[in-house]
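Here's the letter readout for the chains.
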Number of protein chains: 2
Amino acid sequence: MLSGRQEELLKLVIEEYIKSARPVGSKALCKKLKCSSATVRNEMMLLEELGYLEKTHISSGRIPSSSGYRYYVDNLLEPKEISGDDMLKLQTIFSNNNLVLSEAISKSLEIVSDITNYTSVVLGSASKDNNLMKVEVVPISQNKVIAIVITDKGIVENKQINLSESVDQNELSKTTELLNKMLVGTPISLVPSKLEFEIKPIISNYVKNYEVLYNAFYEALSDFTNEKEVRFTGKTNILKQPEFSTVDDVKNIISKFESKDIVSKIEETGNEVKVYIGENSEFDDNVAVIKTKYKTKANEGTIAIIGPKRMEYDRVLSMLEYIKKHIEEKYE
Amino acid sequence: MLSGRQEELLKLVIEEYIKSARPVGSKALCKKLKCSSATVRNEMMLLEELGYLEKTHISSGRIPSSSGYRYYVDNLLEPKEISGDDMLKLQTIFSNNNLVLSEAISKSLEIVSDITNYTSVVLGSASKDNNLMKVEVVPISQNKVIAIVITDKGIVENKQINLSESVDQNELSKTTELLNKMLVGTPISLVPSKLEFEIKPIISNYVKNYEVLYNAFYEALSDFTNEKEVRFTGKTNILKQPEFSTVDDVKNIISKFESKDIVSKIEETGNEVKVYIGENSEFDDNVAVIKTKYKTKANEGTIAIIGPKRMEYDRVLSMLEYIKKHIEEKYE
DNA sequence: TTTTAGCACTCTTCTTAAAGAAGTGCTACT
DNA sequence: AGTAGCACTTCTTTAAGAAGAGTGCTAAAA
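Residues numbered from 1 in each chain as written. Chains lettered and ligands numbered in written order. Predicted model: local features only at pLDDT ≥ 70, side-chain atom pairs only at ≥ 80, totals over all residues. Heavy atoms only, no water.

1. Some thoughts on the packing of aromatic side chains
Working step 1: Applying the stated criterion to the full structure yields 12 aromatic pairs over all chains.
Working step 2: Considering the side-chain rings of Tyr52 of chain A and Tyr71 of chain A, the 5.0 Å spacing of their centres and the 50 degrees angle between planes classify their relative orientation as tilted. Remark: Tyr71 of chain A occurs in helix α4 (residues 66-76) and Tyr52 of chain A occurs in the loop between α3 (37-49) and β1 (53-55); sequence separation between them is 19 residues.
Working step 3: Look at Tyr52 of chain A and you get buried, because its relative accessible area is 18%.
Working step 4: An aromatic cluster is defined as three or more aromatic residues linked by ring pairs; in this entry it consists of Tyr69, Tyr72 and Tyr313 of chain A.
Working step 5: Directly above the ring of Phe232 of chain B sits Lys235 of chain B, whose terminal nitrogen or CZ lies 5.0 Å from the centroid.
Working step 6: In this structure, Lys291 of chain B is placed above the aromatic ring of Tyr276 of chain B, and the distance from its NZ or CZ to the ring centre is 4.9 Å. (Phe/Tyr/Trp six-rings, centres within 6.5 Å; stacked < 30°, edge-to-face > 60°. Helix = DSSP H or I, 4+ residues; strand = E, 2+ residues; numbered from the N terminus. Buried < 20%, exposed > 50% of the residue type's maximum accessible area, 1.4 Å probe, protein only. Lys NZ or Arg CZ within 6 Å of the ring centre and 35° of its normal.)

Written out as structure tokens, the structure is:
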């Protein structure tokens, strides 16, 4: 357990480092702690032994370690209200009634990204408790049809299908009718198995190209579950941070942004706004990720801010909380 | 006009520089030109005076200037057939009949990007000569409907609409019916004005929420014309090129990739495969862009490869030509 | 027992110098 | 016209020294 002064010191070091991005020396903190630099040094040694502070080299000032930040976020950060300025900017989004959910999310994260110079990510995903509302098959030429699937939450997916032979108009509408009759109201996740085991046996008798149609629907439906859209804003913002000052750092972080498994790395399951620091972020040792899941009736997904470990935690936390709350209220 | 030997020399310098990425000295070319380094130097001076070669400093070897590359591409590049290996890889795409246009394009450019280590861009855009095939309005809750627009080229757009008051089911289907009757077959570009001037007067009498519906359709339709999708592959590939060795170079090029007006910078109007070098590329002084427009019945757009000026022009040219040709044939 | 002053020490950063390499331009010769 | 030779320029690398920042430790003061 840290003493009051040690906590105070840790806090000062971190906040100073967040501002300046350079190691903090003992002298700089004398006045604020009302003691001499020697005393500060002694305390710093202790904090270093405990793993909260580090040195970049033997005679440098101190920088916070990942667990230093961790301690700071968990224990030292007073639950700060969102600042008036920041709130004002976000309000322009949530007071606009013409925006649909995805726009509101994108735009509000854009604001965060702009004013903080960090990078934001939205991981949109259609929630799995969509129910099928309507199926439509529209022929657009001799051997091309479009399968359209609409859910009760207002999500529309479509898939173009090339048929090997031309399909009879009648067969098509019969199929569609049947599909609608049997599928409307079914949770999307159950549709594929229903297609396979309940509908296929009935319909395969009198529709020649059933296989093809089946596949097309299968693909259109899999877009709901598989395809999680990732939207970045301000990918280059984070490069303005002084921690990315070498070519390799920059290349490294950029290629992480582009990497295929970004989804699994960003996706959040918890319901609170959480802070992941460094190694802990699963993303990159040199960044912190603040993220949360949002959940409305129609959708759920993750919103995240990626910044240097030396990040304005309180500010970002309060903004993300504000956004999450308003999204969930407004699009409930 | 350049002498035979001068052309030969220019070609050798460029090809050597493309391989090595370092200034080419006179000694390196003696054997190939069967003369002494002094002679090579004399010719080099001449080529420098003509603006085709440059020095990085007073006693360095030569590197090609933008107009050097230009001359090379326009006059020295024998129209090279695509190499067997490259062709083989691309054939896997075009022999697959399950791919729709946009997938085929993306995947083939992915291949180019992978094997060349340059960055590729696809600028997809629904062609304007889509005709409206079907309009659908699906209510999903009390005061939410989805407007769906389908064209004869198989493009589907949808827009969710929040209605201020709940809409009568009957009114909705009447409206939809009318819209279909009057709009089917209309070129997409003409739909808005038709909506405004022909349909509005008729319908506004007996549908309360006509304004809202109108706006929704308007927005769904504008997605066809406005929204040009930009898809990059291998954004980080180009960073492997040695010309991007300083932080600023990297940051600079990355932020160009992210910039808003990327569309206008990449979009190509010409029908051939064209090469833009350096300043000429409109994109960045340090890159070359090879691009062409593709055009099928349903779509048109631009495909482009962005690489260093020191790019394997012949290879990329032949691959892009191959891709363009096969796309246009296959999806004609 | 806690705090402080003082000092030697370490490591970084900046500047300068010197040595080596690469390659040119020019002159004079073939 | 082509070539050999050489002085010259510039870059790159390495080394060395000086200045600056900040530490850890010791011993004295509170």
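2. Observations concerning the sheet that holds strand β4 (residues 132-141) of chain B
All names here are of chain B.
Working step 1: Taken in spatial order, the 3 strands of this open sheet run β4-β5-β6, and their pairing is antiparallel. Edge positions in the sheet fall to β4 and β6 (156-162), since each of these pairs with one other strand and no more. With direction set aside, neighbouring strand axes in the sheet form an average angle of 15 degrees.
Working step 2: Where strand β5 (residues 144-151) meets β6, 7 bridges bridge the pair, whose relative direction is antiparallel. Opposite Ile148, over in β6, you have Asn158 as the bridge partner. (Pairing = 2+ DSSP bridges. Axes fitted to C-alpha atoms, helices over the stretch in contact; angles between N-to-C directions.)

3. Side note on the protein's contact with DNA strand D
Working step 1: Close to DNA strand D lie 20 residues, the nearest being Ser26 of chain A together with Ser36, Thr39, Ile58 and Ser59 of chain B.
Working step 2: Lys55 of chain A is positioned such that a nitrogen or oxygen atom in its side chain is 3.0 Å from a phosphate oxygen of DNA strand D.
Working step 3: Here a sugar or linking oxygen of DNA strand D and a backbone polar atom of Ser59 of chain A are 3.3 Å apart.
Working step 4: When residues of the surface near DNA strand D are traced back to their parent elements, those giving at least two are α3 of chain A together with α3 (37-49) of chain B.
Working step 5: No other element matches α3 of chain B, which puts 4 residues into the surface near DNA strand D.
Working step 6: Considered class by class, the residues forming the surface near DNA strand D number 5 nonpolar, 10 polar and 5 charged. (Near = heavy atom within 4 Å. Polar contact = N/O pair within 3.5 Å; in protein donor to acceptor, adjacent residues only side chain to side chain. Nonpolar A, V, L, I, M, F, W, Y, C, P; charged D, E, K, R; others polar.)

4. Side note on the protein's contact with DNA strand C
Working step 1: Taken together, 20 residues sit near DNA strand C, with Ser36, Thr39, Ile58 and Ser59 of chain A together with Ser26 of chain B positioned nearest.
Working step 2: At the protein interface, 75% of the atoms of DNA strand C within 4 Å belong to sugar or phosphate.
Working step 3: Within the side chain of Ser26 of chain B, one N or O atom sits 2.7 Å away from a phosphate oxygen of DNA strand C.
Working step 4: In the environment of DNA strand C, a sugar or linking oxygen lies 3.3 Å from a nitrogen or oxygen atom belonging to the backbone of Ser59 of chain B.
Working step 5: Looking at the surface near DNA strand C, the elements with two or more residues in it are α3 of chain A together with α3 of chain B.
Working step 6: Here the surface near DNA strand C gets 4 residues from one element, more than from any other, and that element is α3 of chain A.

Shape descriptors only; they carry no functional weight alone.
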